[in-house]
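# Examination of the molecular architecture
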Amino acid sequence: MKQLPTLAAGVLLTFAAATAIGGTVVEALLAGYRGAGASAFDATRGKALYNGTFPGEKPSEVRQCTTCHGVDPNKPGLHPRTGKTIAPLSPGANPARLQNPDEVEKWFQRNCTWTLGRPCTPQEKGDFLTYLQGL
Amino acid sequence: MSRIRKILGTLLFFSCLSGTLLLGVQATTGNGAEKSPAGAKTTLKGVIVTEEDLLYEKECGSCHFPYQPWWLPERSWEKLMSGLQNHFGESAELTPATQQQLTGWLRNHAAEHSTIGRARGMLRSIKADATPLRITESGYFRRKHHELPRQVWQENPAVRSLARCDACHPRAELGSFNEHEVKIPGVGRWDD
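Residues numbered from 1 in each chain as written. Chains lettered and ligands numbered in written order. Predicted model: local features only at pLDDT ≥ 70, side-chain atom pairs only at ≥ 80, totals over all residues. Heavy atoms only, no water.

## Things to note about the confidence of the model for chain B
Chain-level pLDDT for chain B is 83 on average; 74% of the residues reach the 70-or-more range. In this model, residues 11-38 of chain B is a region of pLDDT below 50 whose contacts with residues beyond four sequence positions or in other chains number 13 contacts. (pLDDT = per-residue confidence, 0-100. Contact = heavy atoms within 4.5 Å.)

## Observations concerning the state of the cysteines
Among covalent bonds in proteins, the disulfide is the one between the sulfur atoms of two cysteines. This model, assessed by the stated rule, comprises 1 disulfide over all chains. Note on cysteine connectivity: C112 of chain A is disulfide-linked to C120 of chain A, with sulfurs 2.0 Å apart. Taking the torsion about the S-S bond as the criterion, the C112 of chain A to C120 of chain A disulfide, at about -95°, is left-handed. C112 of chain A sits in the buried class, given a relative accessible area of 5%. The buried category is assigned to C120 of chain A, whose relative accessible area is 10%. Between C165 of chain B, a free cysteine, and C168 of chain B, which holds the nearest cysteine sulfur, the sulfur-to-sulfur gap is 9.4 Å. Judged by relative accessible area, C165 of chain B falls into the buried class, the value being 13%. (Disulfide = S-S within 2.5 Å. Buried < 20%, exposed > 50% of the residue type's maximum accessible area, 1.4 Å probe, protein only.)

## Some remarks on the nonpolar core
Residues and elements named next belong to chain B. Among the nonpolar cores identified, the biggest contains 28 residues, and Y56 and W71 are the most heavily contacted of them. At the level of elements, α2 (51-59), α3 (74-81), α4 (96-108), α5 (117-125) and α6 (139-145) are the ones that each hand at least two residues to this core. In terms of domain composition, this core takes at least three residues from each of domain 1 (50-135) and domain 2 (147-192). Aside from chain neighbours lying at most four places away, what touches W71 is R118, M122, I135, Y140 and F177. (Core = buried A, V, L, I, M, F, W, Y, C linked by side-chain atoms within 4.5 Å. Helix = DSSP H or I, 4+ residues; strand = E, 2+ residues; numbered from the N terminus. Domains from an automatic or database assignment.)

## Looking at the packing of aromatic side chains
Residues and elements named next belong to chain B. Under the criterion given, the structure shown has 9 aromatic pairs over all chains. Where W70 meets F177, the ring centres are 6.3 Å apart and the plane angle is 85°; that geometry is what we call edge-to-face. Here W70, found in the loop between α2 and α3, pairs with F177, found in the loop between α7 (165-168) and β4 (183-184); they are 107 residues apart in sequence, far enough to count as distant. Judged by relative accessible area, F177 falls into the buried class, the value being 8%. (Phe/Tyr/Trp six-rings, centres within 6.5 Å; stacked < 30°, edge-to-face > 60°.)

## Some remarks on the interface of chain B and chain A
Counting residues at the interface gives 18 residues for chain B, matched by 14 residues for chain A. Here chain B meets chain A over a buried area of about 1400 Å², counting both sides, of which 42% is carbon and sulfur. The tally of links between chain B and chain A comes to 4 salt bridges. A salt bridge links K106 of chain A to E59 of chain B; the nearest nitrogen and oxygen atoms lie 2.3 Å apart. Here chain B is connected to chain A by 11 residue pairs in polar contact (both at pLDDT 80 or more). Taken together, the residues of the side of chain B that touches chain A sort by class into 6 nonpolar, 6 polar and 6 charged. (Buried area = accessible area lost by both parts, 1.4 Å probe. Salt bridge = Lys/Arg side-chain N within 4 Å of Asp/Glu carboxyl O. Polar contact = N/O pair within 3.5 Å; in protein donor to acceptor, adjacent residues only side chain to side chain. Nonpolar A, V, L, I, M, F, W, Y, C, P; charged D, E, K, R; others polar.)

## Describing the environment of G126 of chain A
Residues and elements named next belong to chain A. With respect to the secondary-structure elements, G126 resides in helix α5 (residues 122-133). Classification of G126 as buried rests on a relative accessible area of 0%. The sequence separation of G126 and L29 amounts to 97 residues, and the corresponding C-alpha distance is 7.7 Å. Ignoring anything within four residues of it in the chain, the contact list for G126 reads L30, Y33 and F41.

Below, the structure written as structure tokens:
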């Protein structure tokens, strides 16, 4: 029976370590964005970006982060054309998120291009990650 | 007394051993894929897949059904992979290294290199001077789906697009598109 608390402590420690690593990845990214000229990051601005609307190719088309990720980043999204379920964007709901800086940059590159029609600025990226981290 | 201890000790030894074995099994299967001696990887389902299979599933399958490479000829994959900046209206850009690795893998497993009947049928239906980027535009695909009324797919919110193989083919991810397995959401079996 003694093993149970030890096991629980082990699980907790592993979880804490994983959380710390996640924090470090985002911290390093944020430091990079600051180095590229961004000022203090703001979760409110990040949220506004997440919910912002941008013009698409056709006059009737509106593009948003929510088009694929859904209104609530804690819930799964859906690619509107392919029907593929997209795992939740928030690291709180999906611990696999924001663990790999290359993945984060890859998706910023792909999805800012589609949604905004241009790459995101370091400020926008930092605000966005700060918003997601706080969910 | 000492005999009981001996038995208990033996029992303890074997329970520890089995525990270690169990942990070992968990460690090798826990992350879903582990290297096998052949250099390939096995998933929990027991299907042997290569590093490139997993890479393809991750990089391409995040947004859409991971179409088997044998659905298109080499020249189609080549063209598709060189235009990822505008991939059917979206950016699907990869790092140059990943793009190169996946392009090579797709070409090596393209229709020309497959013995699968559907791959042969697909190839026959594509004109020699054509380089289709959409599987759904090929003669083979059209012939296989021409009898479907629009109500069951285009106007069906659970399907919408013919590009979603797995919406109606339950074993599509395993490469099985047998018509007897077809089940259209909200409609049911579709066996003709």
